[in-house]
Amino acid sequence: MKQKLFFGKIITPTIIVFVIMLTITQIVAYKIYTIEKTNELELAEKEATHIKQQIETSLNHSVTAAKMIAFLVEKNLITDNFDAVSKDLLQQNKFIDALQLLEGSTIIKTYPLKGNEAAIGLNIFSNPNHKKEAIEAIKRKELYFEGPINLKQGGKAIVGRLPIYKDNKFLGFSAIIIKMKTLFNILEINENGENDQFIYQIYKASDNTEHNFFFNHNEKMKEGLFYQVFVRLGNWNVLVKLKSPNYLYKSLPFSLLGILFSCLLAYIVFTLSIQPIRLKQDVKRKTRELNRLNKMLESRANELAISNSELEQFAYVASHDLQEPLRMVTSFLSQLEKKYSNQLDEKAHMYIDFAVDGASRMRNIILDLLEYSRVGKNNDELEPININEVVEQAKVLLRKVIEEKEAIIVYDKLPTIMAYRSPIVQVFQNLIGNGLKYAKADLTPIIDIKAKELKNEWEFAIKDNGIGIKKDYYEKIFVIFQRLHNRDEYSGTGMGLAIVKKIVENLGGKIWLESEEGKGSTFYFTLPQQI
């Protein structure tokens, strides 16, 4: 019976509070995980698309040169003009290293000849791989690239071949040679296939053998965060892989913090739940002692019996109401402290304050994190926004603190911009509120708001005469959860300026500040004239 009572009144609410808090924090952590992973995958996709465009641009420039050689062959003008035409074409096209003419499958001309003499007379059909790729070009009847291949004259390159026909009869190929070094320079990739942020690999889609890889590295490209695109001119797959993904490291700290906080809150609930039972036992013991000593103390025993009844009621309320969600925990603990203040010792009061403050701060942190993650997802319509009206709206929202501190908000002739109303209001409300929060205790707060028109944007300045900020902290204050002051001095979660920064940057602007400790701060931010 006692064991059942122990689990019903103490263990059950403790487990419920733990599970609720753990669920909430892990949902937020997973949301952060998915958002960051999607953002990093988009980086790989953007880079892969860029590499594809670079390859296609360079190869498309080669089409004109190949077609010019083919045209001269069809018109019987190539015999005396190949070198001159090829020289002119190479001067016009920095993407091509050499041009070749094949009669049937045999190379009969090359420009420049110097260094490429070994290629003259080579029958490409004698090599099964060359033959296969040349036949693919004939099937397509267009410029088609093979490679990378080892050139007979030395070095590695990709080779594009355009089949030549006259009167529907196949005559041979006009060929384009692009050395790997030239191609890597075009793509701005080193010969190892990597840079500070990405690892690259390009290979034939129909042949996944090692000799067809553009880059010699042992990286497993299809593990981790990668994106693949296809280049038709060479039948290549282009793989781009993020070198050091950070999405897990960005979500893991919050997940661990959520677990720790859930355990801490469960411990506090357990401690608060078990204390009434201990108090009840103390009262019973004292009552027995008083009854044994003297009947004259009967009135005192009655008082203790009443107190005992109240404590039982307190224990019932404490054990059952704690089964409600997190939002009820704060309310219950506040009522508990208010109603039974005289019966609880100093340690009990400390636990209650700790739990109320912890639950409240955790709820604020979760709400701020959700608000931070939603920045940029606007449901508003683009509309002309009068910034004078925005400041007035912010003043209404901050009316209580403005009146308490007798603050003065100064502004005049602020512009009208095309933007989304809600995030703009939030930016001004947060920055004005920031100036009011960190005002000097002995000085009337003055917030001065100005705007300056630049080439394609507006620059806003919100200046205060508050406590100021050291230069060492200029960047730190815009980082999520970063606080410069003790929570007892100034309230808040450390999210306000991080949210402002994210809103401004999502709208295409930037934010910075100028400040001197003890002399106030000026926050500058820009917004495009047209978003």
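Look a little higher up for the structure.
Computed from a prediction, not measured in an experiment: that's the story for all the values here.

Quick word on the packing of aromatic side chains
For the structure shown, the criterion picks out 13 aromatic pairs. Ring geometry for Y30 against Y33: centres 6.1 Å apart, planes inclined by 20°, an arrangement best described as stacked. Here Y30 pairs with Y33, and both are found in helix α1 (residues 2-74), just three residues apart, close to one helical turn. With centroids separated by 5.3 Å and ring planes inclined at 20°, the aromatic side chains of F460 and F525 adopt a geometry described as stacked. Linking F460 in strand β13 (residues 457-463) with F525 in strand β15 (residues 521-528), this pair joins segments that are 65 residues apart in sequence.

Describing the environment of Y144
Tracing the sequence through the fold places Y144 in strand β3 (residues 144-150). Placed 32 residues apart in sequence, Y144 and I176 show a C-alpha to C-alpha distance of 9.7 Å. Among all residues touching Y144, those that are not within four sequence positions of it are E133, E136, A137, V159, G160, R161, K204, R232, L233, G234 and N235. A polar atom in the side chain of Y144 sits 3.2 Å from the side chain of K204.

Overview of the side chain of N388
Considering the arrangement of structural elements, one finds N388 in helix α9 (residues 387-397). A distance of 2.8 Å separates a polar atom in the side chain of N388 from a polar atom in the side chain of N386. Those residues within four positions of N388 in sequence are excluded, and the remaining contacts are Y411, D412, K413 and L414.

Let's talk about the packing of helix α11 (residues 421-437) against helix α12 (residues 496-506)
Following both chains from N to C, one finds α11 and α12 inclined at 145°, their axes separated by 10 Å at the closest point. Where α11 crosses over α12, the two elements pack in a sense that is left-handed. On the side of α11, the interface is formed by P423, Q426, V427, N430, L431 and N434, while α12 contributes G496, L497, I499, V500, I503 and V504. Among the residues forming the contact of α11 with α12, the class breakdown is eight nonpolar, four polar and no charged.

Comments concerning the sheet that holds strand β6 (residues 198-204)
Within the open sheet, the three strands sit side by side as β6-β8-β7. Their pairing is antiparallel. Looking along the sheet, the strands with just one partner apiece sit at the ends: β6 and β7 (226-231). Neighbour-to-neighbour, the strand axes of the sheet open up by a mean angle of 20°, direction not taken into account. In terms of strand pairing, β7 meets strand β8 (residues 236-242) through six bridges, oriented antiparallel. Bridge pairing in β8 links F226 to K241.

Rules used throughout
Residues numbered from 1 in each chain as written. Predicted model: local features only at pLDDT ≥ 70, side-chain atom pairs only at ≥ 80, totals over all residues. Heavy atoms only, no water. Phe/Tyr/Trp six-rings, centres within 6.5 Å; stacked < 30°, edge-to-face > 60°. Helix = DSSP H or I, 4+ residues; strand = E, 2+ residues; numbered from the N terminus. Contact = heavy atoms within 4.5 Å. Polar contact = N/O pair within 3.5 Å; in protein donor to acceptor, adjacent residues only side chain to side chain. Axes fitted to C-alpha atoms, helices over the stretch in contact; angles between N-to-C directions. Left-handed = near helix turned anticlockwise from the far one by under 90°. Nonpolar A, V, L, I, M, F, W, Y, C, P; charged D, E, K, R; others polar. Pairing = 2+ DSSP bridges.

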